[in-house]
There are 2 protein chains.
Amino acid sequence: MSSADLVNVSSRATRSLIKDAFVASGLPEADALKCAALMTEADLTGADGHGIFRLPQYIRRLKAGGFNKHPNITVTKSAPATALVDGDNGMGHLVMSRAADEAIAMAKETGVSWVGVRRSNHAGPAGLYAEMPAQHGMVGLYAAVANANHMGTWGGTDLLLGTNPLAIGVPSGSDPLILDIATSIVAYGTVKKYAQRGLAMPEGWFVNAETGAPITDADRSHEGLLLPMGEYKGSGLALMLGLIAGTLNGAAFGRDVVDFNADDKSETNTGHFIVAVDIARFLPIETFKSEVDRHIRDLRNSKRLPGVDEIRLPGDRRGECRTARARDGVPLAKPLLALLDKLANELNIKPLTER
Amino acid sequence: MSSADLVNVSSRATRSLIKDAFVASGLPEADALKCAALMTEADLTGADGHGIFRLPQYIRRLKAGGFNKHPNITVTKSAPATALVDGDNGMGHLVMSRAADEAIAMAKETGVSWVGVRRSNHAGPAGLYAEMPAQHGMVGLYAAVANANHMGTWGGTDLLLGTNPLAIGVPSGSDPLILDIATSIVAYGTVKKYAQRGLAMPEGWFVNAETGAPITDADRSHEGLLLPMGEYKGSGLALMLGLIAGTLNGAAFGRDVVDFNADDKSETNTGHFIVAVDIARFLPIETFKSEVDRHIRDLRNSKRLPGVDEIRLPGDRRGECRTARARDGVPLAKPLLALLDKLANELNIKPLTER
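Everything quoted here is computed from the prediction, not taken from an experiment.

This paragraph deals with the overall build of chain A. Along the backbone of chain A there are 10 helices and 12 strands. Its C-alpha atoms put chain A at 55 × 55 × 45 Å along the principal axes. The 355 residues of chain A split such that 58% are buried. Once local pairs closer than 6 in sequence are excluded, the contacts in chain A between residues at least 24 apart make up 66%.

Following this line, the structure appears as structure tokens:
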């Protein structure tokens, strides 16, 4: 899509629209603020499929009763270093940020912590949560059961696996390194973005379940299977992460996953896990950071394959987007702007253009 | 390679050859037995690049002084749920099995444990260690810094990344599910096997660093770059796992990695980590297992893409190999048998054929 079809909107404006939309839909002010902040962080860091893009769907779901607007999020500390968070079907951002806070606090005591989450909901980009421990001198690991099954297991066509993402955050002397990968060949949010923008998908993303032939029309992706990253490896990773983020926590996996694109009402029982590892229990944090920086320099200064202009490391795009978008605004596609105007009108709140 | 070029040898025979070879090379009997048992388990479970195949190299290294034959393996418990194991440059199998034992014991107390390892060595297939917690009702996660850098970072050609494997073990009602994946498109042990057996590699495994053209001759793989699984995702995962398994533990990563194929003497300072998560802290283990079994049934009974005869899940090949090879023996290639005969002769121990 050409940049002419994108309009830059300040993150102050998107954040305030998101917050007002949530409040108008019945979320308490503090919760609306927190969700708006995390969704705006997704937009600022380039996770375009996970920020304000999701607002119309979230609002639809809030209206339909699919989210609990006043959840009683509980934390059961099941052992010195483990906890199980029950999100009481609240907004995923609220549940997961609570889980991350618990994980960080526990890891300070025990060196590592593992917090499982059940009865949560879609919580935005995985990198958001892997970064939280990394901002506290810890390694962060995060995974989730995705909120719809777009993949089969390797060779299979029943839609039993989601794009179950994995994110790893590691501190450095400057911004943390953040790896955020869907176990599918591409994140489903990207497919949605292609559909909304009318772009053709590359071959190798989706295949027809009956014939195995490629599907490139993003509007017809529902007729096929999303392929895993790295063939059977991505499929296996989606399966294992699903069992650990879902089944282990008594959360949905496999046939039990609720497709939140098609169903605004049923509780999704979304599962996640987050792990925090306190680096200081292994070596001084400054030593770790300077060693990471040294390795980063080696990697960046590597010779390159023909046609490669620059070495990119995990998290580079996040950092660059954050800088550029904080300055220039968040690029939003015109079809999305139209949806957001319609939403503002329905909720009787100020549209983006008046913010 | 046709099956005519493979000879089945009983695992009793391979295990006793391995053990005798280690003893003849100066390892204490108990250590030799433990290494032989773990290498034989690698062979039985189909990790052909990690079993007796490695024996000539290990013996060469023992003779050259590259391993400490009498290591003082120490465990520093740095927090209630974390420990750092210093392998004192002992055989990796000894160091990692000790680390796994510690991780399992600690997780019983704290719910989760994270054990980092430094000054270890090549320890065989990752699945071996992820399975250990799974045999104790725990989820096991394991990763390692590989003992040679065959990959560049994404777009780069300096050999700064290894095939750094990730393994995840999850208990079920029968055999655990074990995912064991190199972050490269293929494990380097497989490349070695292709070279030894004179097989051409598929395009897409290696490229020439100057031209980007594919390399298919396994004997010429050292002229090029091994590619990551799933493009930038595998490269990113190799990097992050390397930092966590290596740098976090004060172990080698990046430019510091010693290529143990080329250097038999220098200490490799190999890093690993293992995580054990006690399932009973999240839900009753029997509930977990029956839920996993239910999901496995769904996955196995899935409809299939055209041309797919059977759904394969992580660990299937391990289980089938173990059954078949315990019964029929371990298939060894004739060039490997010749090397093992030569080795037995040099060490003045009985050759495989007399066992």
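All names here are of chain B. Counted at 1.5 Å a residue, the expected span for helix H10 (residues 334-347) with its 14 residues is 20 Å, and the 20 Å between its end C-alpha atoms agrees. Buried-residue contacts for H10 involve helix H1 (11-24), helix H3 (55-64), helix H6 (188-197) and strand E12 (330-333). Asn-348 sits one or two residues past H10 and shows a positive phi near 60°.

Here we take up the interface of chain A and chain B. Each partner contributes residues to the interface: chain A has 66 residues there, and chain B has 66 residues. Mapped onto the side of chain A that touches chain B, the elements with two or more residues apiece are strand E2 (74-79), strand E3 (82-86), strand E4 (112-120), strand E6 (166-170), strand E7 (177-181), helix H7 (232-245), strand E11 (270-278) and helix H8 (285-300) of chain A. A total of eight residues in the side of chain A that touches chain B trace back to one element, the largest contributor, which is H7(A).

If you trace the three strands from one edge of the open sheet to the other, you get E9-E8-E10 (chain B), paired in antiparallel fashion. Two strands bound the open sheet, and with one partner strand each, they are strand E9 (214-215) and strand E10 (224-226) of chain B.

In this section: helix H5 (residues 126-134) of chain B. Within H5(B), nine of the nine residues are buried, which leaves the element mostly enclosed by the surrounding structure. The complete set of buried residues in H5(B) reads Ala126(B), Gly127(B), Leu128(B), Tyr129(B), Ala130(B), Glu131(B), Met132(B), Pro133(B) and Ala134(B).

Turning next to the sheet that holds E11(A). Residues and elements named next belong to chain A. If you trace the seven strands from one edge of the open sheet to the other, you get E2-E3-E4-E11-E5-E6-E7, paired in mixed fashion. Across the chains shown, the open sheet's two edge strands, defined by having one partner strand only, are E2 and E7. Averaged over all pairs of adjacent strands, the angle between their axes in this sheet comes to 15°, without regard to strand direction. Of the pairings in the sheet, the one linking E3 to E4 comprises five bridges and is parallel in character. In the sheet register, Asp-86 faces E4, and the bridge partner there is Arg-118.

Superposing chain A onto chain B takes a rotation of 180° combined with a translation of 0.0 Å along the rotation axis, leaving an RMSD of 0.0 Å. Look at the turn and shift together and you get a two-fold axis relating the two. Considering only C-alpha atoms, the part of chain A nearest the rotation axis is Gly230(A), at 2.1 Å. Mapped onto chain B, 100% of the interface residues of chain A are again interface residues, and the two copies thus contact each other with one and the same surface.

Bringing unusual backbone geometry into the picture now. Note on backbone geometry: most residues besides glycine have negative phi, and most peptide bonds are trans. Residue and element names in this part refer to chain A. Within the chain, Asp-88 stands out as a residue other than glycine whose phi angle is a positive 50°. Tracing the sequence through the fold places Asp-88 in the loop between E3 and helix H4 (92-110). Looking at Asp-88, the number of C-beta atoms within 10 Å reads 17, which means it is partly exposed. Phi at Asn-269 takes a positive value of approximately 45°, unusual for a residue other than glycine.

Cut-offs used in this document
- Residues numbered from 1 in each chain as written.
- Chains lettered and ligands numbered in written order.
- Predicted model: local features only at pLDDT ≥ 70, side-chain atom pairs only at ≥ 80, totals over all residues.
- Helix = DSSP H or I, 4+ residues; strand = E, 2+ residues; numbered from the N terminus.
- Buried ≥ 20, exposed ≤ 12 C-beta atoms within 10 Å, placed from the backbone.
- Contact = placed C-beta atoms within 7 Å.
- Expected span 1.5 Å × (residues − 1).
- Pairing = 2+ DSSP bridges.
- Axes fitted to C-alpha atoms, helices over the stretch in contact; angles between N-to-C directions.
- Least-squares fit on C-alpha atoms with pLDDT ≥ 70 in both.

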